[in-house]
Amino acid sequence: MRYTSILNASTKNMRLLLFGKPGSGKGTMSQKLQSYDVNILSAGDILRKNVRMGTPLGQKADKVIKQGSLLPDDVMLKLLTSELEKVHDYHWILDGFPRTIGQGQLLDKQLESNSINLVINLDVPDSIILDRIQQRWIHEKSGRVYNLGYNPPKVAGKDDVTGEALTQRDDDNVDTFKTRLNTYRSHTEPLLEYYQSSNRLETVSGKTSDEIWPQLNDLIKNKFSFS
Ligand code: AMP
């Protein structure tokens, strides 16, 4: 109940969580949302950056990511809130954090009335997401995502913007993906109930980004105003 008025007030800043299974298109939707004046924070991209830089966190994250399991809640909270502090008063979008009820509660406690005011669940059938992640290539430095099936790069194997080489993620393989999906079911999916009970949850369903994007865009345009 507490959040109903925030959601109905179209002038409020967007503080959005993109939610969904691994491979549901959170990264692709974030990319499209860059057309708005928003700050996008992807937990996975921040962790992968730490892995590339070889920081102590990166060394720990590398193992956890390859196993398809999750880093501790307090570590993730610290990491993401330090990034959020830089963008505090603007529209922001989180991709991949919170991912457990513990993380959701910790973030709400820390940000209080400035916490997430809309969660959009990207509901995509399991049957198509395994295929999707096998076709996924990324530009690691920027986090740009390509799919050889429906969103291929202009030049094969190269990032559209920088021309640099695309790579596949270590955890985008069949075995790790199964573990990630299990981790999603046991730890992440229960968060839907948490956000539903505080009236922050909306769900959009579809098989492709072309089906999902117009629904998601309408939701955002109806709830927030952009100058
Ligand atoms: P993603 O790019 O969102 O698929 O995240 C890649 C991996 O990073 C996940 O499979 C986890 O191992 C780790 N990770 C990302 N976000 C979180 C989070 N909020 N909590 C714990 N681990 C995370």
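If you check an unreviewed UniProt entry, the protein chain appears there as GTP:AMP phosphotransferase, mitochondrial from Wallemia mellicola. Of the protein chain, the UniProt comment under Subcellular location (unreviewed entry) reads exactly: "Mitochondrion matrix". A UniProt comment under Subunit (unreviewed entry) is attached to the protein chain, and it reads "Monomer."

> Hey, could you run me through the packing of helix H3 (residues 43–53) against helix H4 (residues 56–67) in this one?
Between two packed helices, what matters for the description is the angle formed by their axes and the separation of those axes. Following both chains from N to C, one finds H3 and H4 inclined at 115 degrees, their axes separated by 7 Å at the closest point. Relative to H4, H3 is oriented so that their crossing is left-handed. Contacts between H3 and H4 involve Leu 47, Asn 50 and Val 51 from the former and Leu 57, Gly 58, Ala 61, Asp 62 and Ile 65 from the latter. Partitioned by chemical class, the residues of the contact of H3 with H4 number 5 nonpolar, 2 polar and 1 charged.

> I'm lost on the UniProt feature "binding site: GTP" (unreviewed entry) in the protein chain in this one. Help?
What UniProt calls "binding site: GTP" (unreviewed entry) maps, in this numbering, to Gly 23, Ser 24, Gly 25, Lys 26, Gly 27, Thr 28, Arg 136, Val 145, Tyr 146 and Ser 209. Look at the named residues: they lie 187 residues apart in sequence, but the longest C-alpha span between them is just 13.5 Å, so in the fold they bunch up. Considered against the largest cavity, the annotated residues that line it turn out to be Gly 23, Ser 24, Gly 25, Lys 26, Gly 27, Thr 28, Arg 136, Val 145 and Tyr 146. Residue position: Gly 27 is located in helix H2 (residues 26–33). If sequence neighbours within four positions are ignored, Gly 27 has contacts with Asp 95 and Val 145. Here Arg 136 lies in strand E5 (residues 136–139).

> Looking at this structure, I do not really get the site of the ligand. What am I missing?
By nearness alone, 16 residues border the ligand, and Arg 48, Ser 69, Gly 96, Gln 103 and Arg 169 come closest of all. With the chains in place, 96% of the 480 Å² that the ligand exposes on its own is no longer accessible. Classifying every residue of the shell around the ligand by side-chain character gives 7 nonpolar, 4 polar and 5 charged.

> Where do I start with the confidence of the model for the protein chain in this structure?
It should be kept in mind that the predicted coordinates are not to be read in detail where pLDDT is low. Looking at the protein chain as a whole, the pLDDT averages 90, with 94% of positions reaching at least 70. Confidence drops under pLDDT 50 across residues 1–10; counting only partners more than four residues distant or on other chains, this segment forms 23 contacts.

> Is there a simple way to think about the UniProt feature "binding site: AMP" (unreviewed entry) in the protein chain in this case?
The feature "binding site: AMP" (unreviewed entry), as given by UniProt, occupies Arg 48, Ser 69, Leu 70, Leu 71, Gly 96, Phe 97, Pro 98, Arg 99, Gln 103, Arg 169 and Arg 180 in the numbering adopted here. In sequence the annotated residues extend across 133 residues, and in space they extend as well, their farthest C-alpha pair lying 24.4 Å apart. The annotated residues that sit in the lining of the second largest pocket are Arg 48 and Arg 169. Counting through the fold element by element, Phe 97 comes out in the loop between strand E3 (92–95) and helix H6 (101–111). In this structure, Phe 97 is in contact with Leu 17, Ala 43, Met 76, Leu 77, Leu 80, Gln 103 and Leu 107, ignoring residues within four places of it in sequence. Tracing the chain through its elements places Arg 180 in helix H8 (residues 174–188). Among all residues touching Arg 180, those that are not within four sequence positions of it are Pro 22, Gly 68, Arg 136, Arg 169, Asp 171 and Asp 172. Reaching out from Arg 180, the side chain makes a polar contact with the backbone oxygen of Asp 171 at a distance of 2.8 Å.

> Is there a simple way to explain the sheet that holds strand E2 (residues 39–42) in this structure?
Note: strands within a sheet are paired through backbone hydrogen bonds, in either parallel or antiparallel orientation. Spatial ordering of the open sheet is given by E2-E3-E1-E4-E7, a layout of 5 strands whose pairing is parallel. Strand pairing shows two members of the sheet lacking a second neighbour, E2 and strand E7 (201–205), which therefore form its edges. On average, adjacent strands in this sheet sit at an angle of 20 degrees to one another, irrespective of strand direction. Bridge count for strand E1 (residues 15–20) against E3 is 4 bridges, and the pairing is parallel.

> Any chance you could explain the layout of surface pockets here in plain terms?
Once rolled over the atoms, a probe with the size of a water molecule shows which space is left empty. When its volume is computed, the second largest pocket comes out at roughly 190 Å³. Around the second largest pocket sit Arg 48, Val 51, Arg 52, Asp 62, Ile 65, Lys 66, Glu 140, Gln 168, Arg 169, Asp 170 and Asp 171, which together line it. For the lining of the second largest pocket, the elements supplying multiple residues, two or more each, are H3 and H4. Along the lines of polarity and charge, the residues of the lining of the second largest pocket split into 2 nonpolar, 1 polar and 8 charged.

Each value, and the rule that gives it
- Residues numbered from 1 in each chain as written.
- Predicted model: local features only at pLDDT ≥ 70, side-chain atom pairs only at ≥ 80, totals over all residues.
- Heavy atoms only, no water.
- UniProt positions renumbered as here; feature names shortened; annotations may be inferred.
- Axes fitted to C-alpha atoms, helices over the stretch in contact; angles between N-to-C directions.
- Helix = DSSP H or I, 4+ residues; strand = E, 2+ residues; numbered from the N terminus.
- Left-handed = near helix turned anticlockwise from the far one by under 90°.
- Contact = heavy atoms within 4.5 Å.
- Nonpolar A, V, L, I, M, F, W, Y, C, P; charged D, E, K, R; others polar.
- 1 Å grid on protein atoms, 1.4 Å probe; cavity = no way out; pocket = protein on both sides within 12 Å on 5 of 7 lines; lining within 4 Å.
- Near = heavy atom within 4 Å.
- Areas by Shrake-Rupley, 256 points an atom, 1.4 Å probe, with all protein chains shown as cover.
- pLDDT = per-residue confidence, 0-100.
- Polar contact = N/O pair within 3.5 Å; in protein donor to acceptor, adjacent residues only side chain to side chain.
- Pairing = 2+ DSSP bridges.
- Points joined across faces, edges and corners; volume = space filled by probe spheres on them.

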